[in-house]
Amino acid sequence: MTRILLAFFVLSAFCLKAQPVIKGGLETFVTANSIYPRYSLHNCIQGTVVISFKLNKTGEVYYSKISSGIGTDLDDEALRLIRLSSGKWIVPKNQDTTVSLIAPMKFSLSGYNCEGKNPQEIQSAIMAYRTNEGLTNSILNFYRNKEKGTYKKEEEARFVQLKDELGYDDEYFSERIKDGLRKLKQKDKQGACEDFLFVKHMGSTLADEMLGKYCK
């Protein structure tokens, strides 16, 4: 079971003015739509990600950023959830749309045998994620260039080995595709297509059908 505990408040004020609200509450929205990201799930990474965002008069999120993150794919999921909430907000008439709002999202896991996980192992996994981001991007760039025909064929074996070392195999890609399909059900086409493109640009054809169907 995954849980996201969420608090929400205006950045600029300890004020009594009415604040923007989302039908059912932001915590309910986040809980219903969250997809615990694969790397953090597999490594029992938990914690709080703070998102800063702004709303226009019609309740659309027109600005958002990670104010304070964990440094793993949990940051991306928190940001995705805020962007997914765009258009679902009810904004008071006197709302200052230049004011930043803050949503601290606490991601927690239960039922995944994380209770006895060594904190040092978790911290090592966080550091590994940050280190491996550069390696992941180098793989993505290689296969993008291969698609364009501007690559060195003799280098491919090195990137295949690197994918294996980082755990980017068909099982991982299948899980990533499943996440993308879940995002489609949430009407998050952008997030879904990003997952499918990730698989494609890792040199796999497993997501090609989804790309052709949903991401033209």
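Residues numbered from 1 in each chain as written. Predicted model: local features only at pLDDT ≥ 70, side-chain atom pairs only at ≥ 80, totals over all residues. Heavy atoms only, no water.

- Going by what an unreviewed UniProt entry lists, the protein is known as TonB family C-terminal domain-containing protein and is assigned to Pedobacter nyackensis.
- Under the heading Subcellular location (unreviewed entry), UniProt records this for the protein: "Membrane". (UniProt positions renumbered as here; feature names shortened; annotations may be inferred.)

## Concerning unusual backbone geometry
Then step 1. Here N113, not a glycine, exhibits a phi torsion of approximately 55 degrees, which is positive.
Then step 2. Its place among the elements puts N113 in the loop between β7 (101-109) and α4 (119-148).
Then step 3. A positive phi angle, close to 65 degrees, is found at K187, a residue other than glycine.
Then step 4. With respect to the helices, strands and loops of the structure, K187 is situated in the loop between α6 (170-185) and α7 (189-200). (Helix = DSSP H or I, 4+ residues; strand = E, 2+ residues; numbered from the N terminus.)

## Things to note about the packing of aromatic side chains
Then step 1. Inspection of every chain in the model, using the stated rule, returns ten aromatic pairs.
Then step 2. For the pair F142 and Y151, a centre-to-centre distance of 5.7 Å together with 85 degrees between the ring planes defines the contact as edge-to-face.
Then step 3. Overall, the relative accessible area of 5% leaves F142 in the buried class.
Then step 4. Put simply, the rings of F142, Y143, Y151 and F159 pair up and form one aromatic cluster.
Then step 5. The ring of F198 carries R176 above its face, with NZ or CZ at 4.1 Å from the centroid. (Phe/Tyr/Trp six-rings, centres within 6.5 Å; stacked < 30°, edge-to-face > 60°. Buried < 20%, exposed > 50% of the residue type's maximum accessible area, 1.4 Å probe, protein only. Lys NZ or Arg CZ within 6 Å of the ring centre and 35° of its normal.)

## A closer look at the nonpolar core
Then step 1. Formed by 31 residues in total, the largest nonpolar core has its most connected members in L26, F53, I82 and W89.
Then step 2. Of all the secondary structure elements, the ones that give two or more residues to this core are α1 (26-33), β4 (47-55), α3 (73-84), β7 and α4.
Then step 3. Looking at this core, the element that brings in the most residues is α3, giving six residues.
Then step 4. Structurally, this core is a two-domain feature, drawing no fewer than three residues from each of domain 1 (21-107) and domain 2 (119-215).
Then step 5. Apart from the residues lying within four places of it in its own chain, the contact partners of I82 are L26, I51, F53, V61, S64, A103 and M105.
Then step 6. Formed by 18 residues, the second largest nonpolar core is a distinct cluster that contains L162, A192, A207 and L211. (Core = buried A, V, L, I, M, F, W, Y, C linked by side-chain atoms within 4.5 Å. Domains from an automatic or database assignment. Contact = heavy atoms within 4.5 Å.)

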